[in-house]
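Examining the three-dimensional arrangement
Here's the letter readout for the chains.
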Amino acid sequence: DKNRAAGKLKGEFELLDTGIFNDNNYFDCFIEYAKANAEDILVKITIANRGNETSQINVLPTVWFRNTWSWDETVEKPILKQAESSVENLSVIELKEEVRGEWQLVCEGSSQLLFTENETNLKKLYNVKNASDYAKDGINSFVVEGEHSAVNPYQVGTKAAAHYVLMLAPKSSETIYLRLSQKSKV
């Protein structure tokens, strides 16, 4: 509306013009990728609190399989599941898919792994029965609404997130490391 009212001669109304950054009460998120090779990717996520107060933020690095099994019966449904780690302070998501094989996502210091199916919540949209009790919006329902029954307690599915709950002091940052690679012993 502001851009329409300004006409063609004034500059475009930008996000900075709204004033939401005036008090520096926001977080920055920087994501960097480094590849050892095509099958070994390190992910570095740095979250910075730009505000003047200690604040909490939920960070949810997410992995999922594209849902092709719902519309193609010849496709074997892939699986994500929590795997054991022999290293303290690491959470591991195992990925298994017929074409790409077995992979793992290693999450340093993750507080909790959340699993759902990458399937639309038909109950919420159309009031019809879901194929699974754990629809893809279940991670949001768990984090935002506190609905613990929205994620699979058996730690399996076709969509998963490492749930980090960070309390960041003013002007501070924290870094999370992930590694996606072909399956090996962790």
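Before reading further, recall that the structure is shown in the block above.
These numbers come from a predicted model, not from an experiment.

Close approach of charged atoms allows side chains with opposite charge to pair. This model, assessed by the stated rule, comprises ten salt bridges. Residues Lys183 and Glu94 are paired through a salt bridge, measuring 2.9 Å at the closest nitrogen-oxygen approach. Taken together, the residues Lys183 in the segment after β11 (173–182) and Glu94 in strand β6 (residues 90–97) connect sequence positions 89 residues apart. When its relative accessible area of 39% is taken as the criterion, Lys183 is described as partly exposed. Judged by its relative accessible area of 15%, Glu94 is buried. One connected set of salt bridges, linked through shared partners, spans Lys81, Glu94, Glu102 and Lys183.

Let us look at the nonpolar core. By size, the foremost hydrophobic cluster in this structure holds 23 residues, and its most contacted members are Leu80, Ile93, Tyr164, Leu166 and Leu178. Listed by contribution, the elements that provide at least two residues to this core are β2 (40–49), β3 (55–59), β6, β7 (101–108), β8 (112–116), β10 (159–168) and β11. Not counting residues up to four positions away in its chain, the partners in contact with Tyr164 are Ile57, Asn58, Val59, Pro61, Cys107, Glu108, Gly109, Ser110, Ser111, Ile176, Tyr177 and Leu178. Core analysis: the second largest hydrophobic core is formed by five residues, Leu114, Ile139, Phe142 and Ala161 among them.

Attention now moves to the packing of aromatic side chains. Applying the stated criterion to the full structure yields one aromatic pair. Ring centres of Phe21 and Tyr26 lie 5.0 Å apart, and the angle between their planes is 85 degrees; this geometry places the pair in the edge-to-face category. Classification of Phe21 by relative accessible area gives partly exposed; the value is 25%.

To continue, consider the environment of Ile45. Summarising the element assignment, Ile45 is placed in strand β2. Residue classification places Ile45 among the buried residues on the basis of a relative accessible area of 6%. The spacing of Ile45 and Thr175 is 130 residues in sequence and 5.5 Å in space, taken between C-alpha atoms. With near-sequence residues (within four places) excluded, Ile45 lies in contact with Cys29, Phe30, Ile31, Pro61, Glu174, Thr175, Ile176 and Leu178.

Here we come to the side chain of Asn49. Structurally, Asn49 is set in strand β2. Taking relative accessible area as the criterion, Asn49 reaches 2% and is therefore assigned buried. Residues contacting Asn49, with those up to four places away along its chain left out, are Tyr26, Phe27, Thr54, Ser55, Leu168, Ala169, Pro170, Lys171 and Ser172.

The rules we used
Residues numbered from 1 in each chain as written. Predicted model: local features only at pLDDT ≥ 70, side-chain atom pairs only at ≥ 80, totals over all residues. Heavy atoms only, no water. Salt bridge = Lys/Arg side-chain N within 4 Å of Asp/Glu carboxyl O. Helix = DSSP H or I, 4+ residues; strand = E, 2+ residues; numbered from the N terminus. Buried < 20%, exposed > 50% of the residue type's maximum accessible area, 1.4 Å probe, protein only. Core = buried A, V, L, I, M, F, W, Y, C linked by side-chain atoms within 4.5 Å. Contact = heavy atoms within 4.5 Å. Phe/Tyr/Trp six-rings, centres within 6.5 Å; stacked < 30°, edge-to-face > 60°.

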